[in-house]
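A structural walkthrough
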Amino acid sequence: MTSRTLATSLKQMLRLPVMAGPMFIASTADLVIAQCKAGIIGSMPALNPRSTEALDEDIARIAENVGGAPYAINLVAHKSNSRLDADLEVVLRHKVPIVVLALAANPDLVRTLQANGSLVFQDVVKDRHARKCAEMGVDGIIAVGAGAGGHTGDLSPFALMQEIREWWDGLLILSGCIANGRSVLAAEVLGADLAYVGSPFLASTEANTQDGFKRMIVDGSSKDIVVTNCFTGVNANFLRPSLIEHGMDPDALKPHAGGPINIDGGGANAKAWKEIWSAGQGIGAVKRAEPAGEWIDWLAADYAAARAAIGLPA
């Protein structure tokens, strides 16, 4: 399959050129199923189920309910992920269609997954990371720009996309603040094949997010997002009100003092992610908590309107 054939074939399977971002703790099997049924690629981190056995059950349920639609499981490939080997066995046994690797580039892992029939996507925050992943032979690159929820990049999507698209003709996905139809269309104009959408699904009824978290998403905007590396050693975006609720001064967070990246248990603070909540800068577009399918219906209508506004067929 040629580099452009993969992008074309994937998009033909979708209602919208959108892939859901896998959100730590928040994404669930029910959310993945709802996303797939609504016509986008659903995804979930392997670490979200509490055990490898629970992951096995969740993937089986997803596969049974999505009718052959593509879905993705996110594996954190960093050595601090104590479940990587066991979770990988489950992913291989189920022949998961798409595997998204994060926080480390592992050519052996890429080859193992591809030999088993999975497409392998890798998220990157710099052009040099993308080049390394291309050398490993990944099937798709996810360019994570500034403002993305969870672990985030620091480059403008304009800069990141133009640098990668200059030499990469393969499947390219853009992440960062994409929360309406105009943003999806803009991602395509920048050269992306798919838009990577995460934070709007934090307010979905199927998400594993508390009511207070959902309200914070609906009531929030970009001014409520703080970037810090203090929890895992990697820059991530967190909700300012959530930090304040837990006695932390968002403007005086101490940066990670060097040393290795550590994602085990969520990082250096046991409350991070579970109680100190993460989201991206695009949450101002989220107006209500609702089922994922209803939000995707709205996104589809907004995307069609954005295309029509510049004379493109809906």
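Residues numbered from 1 in each chain as written. Predicted model: local features only at pLDDT ≥ 70, side-chain atom pairs only at ≥ 80, totals over all residues. Heavy atoms only, no water.

**As for the packing of aromatic side chains**
Where two aromatic rings form a pair, the distance of their centres and the angle of their planes describe that pair. Summed over the entire model, instances satisfying the criterion amount to 5 aromatic pairs. With a centroid separation of 6.0 Å and 70° between ring planes, the pair formed by W167 and W168 is classed as edge-to-face. By relative accessible area, which is 12% here, W168 ends up buried. The interplanar angle of 40° and the centroid separation of 5.8 Å between the aromatic rings of W295 and W298 together place this pair among those described as tilted. (Phe/Tyr/Trp six-rings, centres within 6.5 Å; stacked < 30°, edge-to-face > 60°. Buried < 20%, exposed > 50% of the residue type's maximum accessible area, 1.4 Å probe, protein only.)

**Some details on the pairing of strand β5 (residues 119–124)**
In this sheet, β5 lies alongside strand β4 (residues 98–102) in parallel orientation, the contact comprising 4 bridges. Paired with I98 across the bridge in β5 is L119. Read as a crossover between parallel neighbours, the route from β4 over helix α5 (residues 107–115) to β5 is right-handed. Sheet topology note: the β5/strand β6 (residues 140–144) ladder contains 4 bridges and is parallel. Across the sheet, D123 pairs through a bridge with I142, a residue of β6. Crossover handedness for the path β5 to helix α6 (residues 127–136) to β6: right-handed. (Pairing = 2+ DSSP bridges. Helix = DSSP H or I, 4+ residues; strand = E, 2+ residues; numbered from the N terminus. Right-handed = clockwise from strand over helix to strand, strands pointing away.)

**Examining the pattern of salt bridges**
Within the structure shown, the criterion is met by 13 salt bridges. The partner of K126 in a salt bridge is D154, with the nearest N and O atoms 2.8 Å apart. With K126 in the loop between β5 and α6 and D154 in the loop between β7 (150–151) and α7 (157–165), this pair connects stretches of sequence that are 28 residues apart. Here the salt bridges do not stand alone but share partners, grouping R4, R165 and D193 into one network. (Salt bridge = Lys/Arg side-chain N within 4 Å of Asp/Glu carboxyl O.)

**What about the side chain of N237?**
Along the chain, N237 falls in strand β11 (residues 236–239). Overall, N237 belongs to the buried group, its relative accessible area being 2%. In this structure N237 touches G147, A148, G150, T152, I225, V226, V227, S278 and A279, once residues within four positions along its chain are discounted. (Contact = heavy atoms within 4.5 Å.)

**Focus on the environment of I98**
In this structure, I98 sits in strand β4. Residue class for I98 comes out buried when judged on its relative accessible area of 1%. If we skip the residues at most four places from it in the chain, I98 touches M19, I41, P70, Y71, A72, I73, L119 and F121.

**Considerations on helix α9 (residues 211–219)**
All of the buried residues in α9 are F213, K214, M216 and I217. Projection of α9 onto a plane perpendicular to its axis shows the buried side chains occupying an angular sector of 160°, all on one side. Those residues of α9 that are exposed and angled more than 90 degrees off the buried face are D211, R215 and D219. Buried-residue contacts for α9 involve β11 and α10 (240–245). (Arc of directions from axis to C-beta.)

**Some thoughts on the sheet that holds strand β10 (residues 225–228)**
In a beta sheet, neighbouring strands pair by backbone hydrogen bonds and run either parallel or antiparallel. Pairing is antiparallel across the open sheet formed by 3 strands, whose spatial order is β7-β11-β10. Lying at the two open borders of the sheet, with one neighbouring strand each, are β7 and β10. In this structure, β7 lies alongside β11, joined through 2 bridges in antiparallel fashion. Counted as the bridge partner of G150 is N237 from β11.

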